[in-house]
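Residues per chain, in single letters:
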Amino acid sequence: LAPNRVSNLRLLRVDPGREWVLMKNGYFAGDVTVQVSATVQDLWKGLFSRQGFVLVDLSGHGDVIMEGYGDIHHVVVPQGEVFRVDNGHLVAILK
C-alpha cells in the first residue's frame, strides 16, 4: 500500500472508550472491526477549521492506518493542560 501523495502513515489503535476523530483524508486503511463513519461539524467550525465540514469517526476495536501530509508527531497533553495546534495541521484527536 502507498498513499497517493507525499505523506506519512502511522498506526493508530482504536478500542471501546478510546475512539478517534480523523481530519478529512486522514483515513488510509483499517481492520474490519473498526467502524468508520462520517461526522459533520457545525457551520462555524466547518467554515473556519480549514478541514471542511466532514470528519471521520473511528470506533470499535482494531488498528487503523492514518495518513498525514508530512511527518506526524504524537503529542500527549497532560490532563488539565492546554496545547494549541492550528487545526490545519491536526491529523487525529481522541473523541
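My aim in this report is to walk through the structure given alongside it, one point at a time. Keep in mind that what you see is a predicted model, and the values were worked out from it rather than measured.

**Some words on the overall build of the protein**
Piece 1. Summing up its helical and strand segments, the protein has 1 helix and 7 strands in all.
Piece 2. Listing every helix and strand of the protein by position from the N terminus yields β-β-β-β-α-β-β-β.
Piece 3. In the protein, the share of contacts with a sequence separation of at least 24, taken over all contacts with a separation of at least 6, comes to 77%.
Piece 4. Surface summary for the protein: the accessible area is close to 6700 Å², and the carbon and sulfur share equals 56%.

**Re the side chain of E67**
Piece 1. For E67, the location among the structural elements is in strand β6 (residues 62-68).
Piece 2. The class for E67 is buried, based on a relative accessible area of 8%.
Piece 3. At 2.9 Å, the side chain of E67 forms a polar contact with the side chain of S7.
Piece 4. If sequence neighbours within four positions are ignored, E67 has contacts with P3, N4, R5, S7, N8, L9, N25, G26, F28, I72 and V91.

**Observations regarding a nonpolar patch on the surface**
Piece 1. A cluster of nonpolar residues, V75, V77, F83 and V85, forms a patch on the protein surface that exposes about 330 Å² of accessible area.
Piece 2. Summarising the element assignment, V77 is placed in the loop between β6 and β7 (92-94).

**A few points about unusual backbone geometry**
Excluding glycine, a negative phi dihedral is what most residues carry, and trans is how most peptide bonds are arranged.
Piece 1. If you check the backbone angles, N25 has positive phi at about 65° while not being a glycine.
Piece 2. Along the chain, the position of N25 falls in the loop between β2 (20-22) and β3 (27-30).

**As for the pattern of salt bridges**
Pairing is possible between side chains of opposite charge, provided their charged atoms come close.
Piece 1. Within this structure, the stated rule accounts for 3 salt bridges.
Piece 2. Between D15 and R13 there is a salt bridge, and its shortest N-O distance comes to 3.6 Å.
Piece 3. Judged by relative accessible area, R13 falls into the partly exposed class, the value being 35%.
Piece 4. Ionic pairing is found between D63 and R13, a salt bridge with its closest N-O pair at 3.1 Å. Of the two residues, D63 is situated in strand β6 and R13 in strand β1 (residues 8-14); the sequence distance between them amounts to 50 residues.
Piece 5. One salt-bridge network, held together by shared partners, links R13, D15 and D63.

Cut-offs used in this document
Residues numbered from 1 in each chain as written. Predicted model: local features only at pLDDT ≥ 70, side-chain atom pairs only at ≥ 80, totals over all residues. Heavy atoms only, no water. Helix = DSSP H or I, 4+ residues; strand = E, 2+ residues; numbered from the N terminus. Contact = heavy atoms within 4.5 Å. Areas by Shrake-Rupley, 256 points an atom, 1.4 Å probe, with all protein chains shown as cover. Buried < 20%, exposed > 50% of the residue type's maximum accessible area, 1.4 Å probe, protein only. Polar contact = N/O pair within 3.5 Å; in protein donor to acceptor, adjacent residues only side chain to side chain. Patch = residues over 30% accessible without salt bridge, like charges linked within 9 Å, V, L, I, M, F, W, Y side chains within 5 Å. Salt bridge = Lys/Arg side-chain N within 4 Å of Asp/Glu carboxyl O.

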